[in-house]
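Letter by letter, the chains look like this.
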Amino acid sequence: MIPVARPVIGREEIEAVSEVLESGMLAAGKAVSRFEDEFSGHLGVGDAVATSSGTTALFAALWSLDLPAGTRVITTPFTFVASANAILYCGHVPVFCDIDPGSFNISPSSLSKLLRKSRNSAGALIVVHLYGQPCRMDLIMDMAREHGLKVIEDCAQSHGAAWRGKSAGTFGDIGVFSFYPTKNMTTGEGGMVVTDNPSLAEKIRMFINHGSSSRYRHEFLGHNFRMTDVAASIGLVQLGRLGGFNDARRQNARVLDGILGAVPGVKTPYVHPDARHVYHQYTIRCRWRDQLAEYLSRQGIGTGIHYPLPVHKQPLYKKMGYGRLHLPQAERACKEVLSLPVHPSLSESQLHYIGRKVAEFYEEKDISGHYNP
Ligand SMILES: *Cc1c(COP(=O)(O)O)cnc(C)c1O
């Protein structure tokens, strides 16, 4: 089976972990500090704080903005549920904005309409650079400034992505990363918060460490959301390899584009000319999506549906009253998207096999003309 995602772990990662294990110092220590320094250096931001996951990083980031309870926070419904759950953890109110059908990211025109409708009532915005493609951050930051919104960038899928040459995670007040094993780089479980605001960084650092300012002195209610040195030692090696991983993902995407561009029934990923896309996922829109997934599975090709339900239709959110909300682009995308393998360990022949099998499925369906949703 060709898996839809696969972490690339080599000797270097194994040796780095062994070194930490042999040192006897497993929890947050030197490796975490080094990882934070190298990560912030890599992005060119002032501060980075490592956490136990992308989810806890999002929670810490939004919490640090110190918004009044019940603040309306705008985000996309077409994302992993953690992006929106962070809003609930903080006692705020998620407000969902529909997506752009091309990029699958939050739609600047829908955002503009939403902001005009709810003038000055939203306090923050969490954007998600979905599948590895940055949102249109010039338009979005202009709107955020005009309406006084704080901005958090969920970069869980966009390590190394850029908009007009500027790194994803460096536009808003805070950027948040995840190092789950399926992401562009991993630490097993782990996350990172980045910011140019030193007082936010300090608050976040305390929040993830029981509100502690110095040993056994607790200023406020915090949590244990720390990363371990074991995880950070993997992250240090992976950060060094990230550029190569992303080059391989982009190259793999080009191969798939080349084959699938000519297949009726399939719409290959749209990439904005100003975006550096790092293909966390290679996600097509397609006809007969579930049948195609089933067919590919029988041919030994793993696929993923990111995501089968928009956040506002999740049972949790339906119970909270979001069920009646209608966001047509997000809802339609959930029915049409399919992620194909694009990870760095695929061989050229595996990529051609994947492309050929997708083409074969539509040949058997014998449909004519391109699919233009
Ligand atoms: C993976 C992911 C998260 C959560 O990260 P974890 O490390 O799994 O907690 C948040 N947002 C998005 C968009 C993600 O893809």
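Scroll up a little and you will see the structure.
Everything numeric here is computed off the predicted structure, so don't read it as measured data.

## Quick notes on the overall build of the protein
Right, so step 1: Along its length, the protein carries 12 helices and 15 strands.
Right, so step 2: For 373 residues, the compact-globule estimate of 2.2 N^0.38 gives 21 Å, and the protein sits close to it at 21 Å.
Right, so step 3: Relative to its full complement of 373 residues, the protein shows a buried share of 55%.
Right, so step 4: A separation threshold of at least 6 residues defines the contact pool for the protein, and within that pool the share at least 24 residues apart is 73%.
Right, so step 5: A total accessible area of about 15,900 Å² is found for the protein, and carbon and sulfur atoms account for 51% of it.

## So, helix H11 (residues 328–336)
Right, so step 1: By the burial criterion, the buried members of H11 are Ala-330, Glu-331, Ala-333, Cys-334 and Glu-336.
Right, so step 2: Taken together, the buried residues of H11 touch strand E14 (282–286), helix H9 (289–298) and strand E15 (337–340).

## Some thoughts on the environment of Phe-78
Right, so step 1: Looking at the secondary structure, you find Phe-78 in the loop between strand E2 (72–75) and helix H4 (82–89).
Right, so step 2: Under the relative-accessibility criterion, Phe-78 is labelled buried at 0%.
Right, so step 3: Along the chain, Phe-78 and Cys-334 lie 256 residues apart, while their C-alpha atoms are 7.9 Å from each other.
Right, so step 4: With residues near it in sequence (within four places) discarded, Phe-78 still touches Ile-99, Phe-104, Leu-130, Tyr-131, His-306, Tyr-307, Ala-330, Ala-333, Cys-334 and Val-337.

## Overview of the site of the ligand
Right, so step 1: Near the ligand there are 15 residues, and of these Gly-54, Thr-55, Asp-154, Ser-178 and Lys-183 occur at the shortest range.
Right, so step 2: At 2.7 Å, a side-chain N or O of Asp-154 approaches a nitrogen atom of the ligand.
Right, so step 3: In the model, an oxygen atom of the ligand is placed 2.7 Å from a nitrogen or oxygen of the Ser-178 side chain.
Right, so step 4: Compared with its free state, where it exposes 380 Å², the ligand has 93% of that area covered by protein.
Right, so step 5: In terms of residue count, the dominant contributor to the shell around the ligand is helix H3 (residues 54–64) (3 residues).

## Points about the sheet that holds strand E3 (residues 93–96)
Right, so step 1: Ordered in space as E1-E9-E8-E5-E4-E2-E3, the 7 strands form an open sheet in which the pairing is mixed. Because the sheet does not close on itself, it has two edges, and the strands there are strand E1 (47–51) and E3. Neighbour-to-neighbour, the strand axes of the sheet open up by a mean angle of 20°, direction not taken into account.
Right, so step 2: The pairing of E2 with E3 spans 4 bridges and is classified as parallel. Bridge pairing in E3 places Thr-75 opposite Phe-96.
Right, so step 3: Relative to the sheet, helix H5 (residues 108–117) contacts E2, E3 and strand E4 (122–128), its axis offset from that of E2 by approximately 165°.

## Considerations on the environment of Arg-356
Right, so step 1: Positionally, Arg-356 belongs in helix H12 (residues 348–365).
Right, so step 2: Classification of Arg-356 by relative accessible area gives partly exposed; the value is 45%.
Right, so step 3: Separated by 97 residues in sequence, Arg-356 and Ile-259 have C-alpha atoms that sit 7.6 Å apart.

## Notes on unusual backbone geometry
Comment: phi is negative for the bulk of residues other than glycine, and the bulk of peptide bonds are trans.
Right, so step 1: Residue Tyr-307 follows His-306 across a cis peptide bond; omega there is 15°.
Right, so step 2: Looking at the secondary structure, you find Tyr-307 in the loop between H9 and helix H10 (315–322).
Right, so step 3: Of note in this structure, Asp-66 is not a glycine but carries a positive phi near 60°.
Right, so step 4: Of note, the phi angle at Arg-164 is positive, near 50°, even though the residue is not glycine.
Right, so step 5: With respect to the element layout, Arg-164 can be found in the loop between strand E6 (162–163) and strand E7 (166–167).

## Concerning the environment of Ser-121
Right, so step 1: You can see Ser-121 is positioned in the loop between H5 and E4.
Right, so step 2: The exposure class assigned to Ser-121 is partly exposed, which follows from its relative accessible area of 35%.
Right, so step 3: Ser-121 sits 26 residues away from His-147 along the chain, and the two C-alpha atoms are 9.0 Å apart.
Right, so step 4: Of note is the side chain of Ser-121, whose polar atom sits 3.0 Å from the side chain of Arg-72.

Scoring rules and cut-offs
- Residues numbered from 1 in each chain as written.
- Predicted model: local features only at pLDDT ≥ 70, side-chain atom pairs only at ≥ 80, totals over all residues.
- Heavy atoms only, no water.
- Helix = DSSP H or I, 4+ residues; strand = E, 2+ residues; numbered from the N terminus.
- Rg over C-alpha atoms; globule rule 2.2 N^0.38 Å.
- Buried < 20%, exposed > 50% of the residue type's maximum accessible area, 1.4 Å probe, protein only.
- Contact = heavy atoms within 4.5 Å.
- Areas by Shrake-Rupley, 256 points an atom, 1.4 Å probe, with all protein chains shown as cover.
- Near = heavy atom within 4 Å.
- Polar contact = N/O pair within 3.5 Å; in protein donor to acceptor, adjacent residues only side chain to side chain.
- Pairing = 2+ DSSP bridges.
- Axes fitted to C-alpha atoms, helices over the stretch in contact; angles between N-to-C directions.

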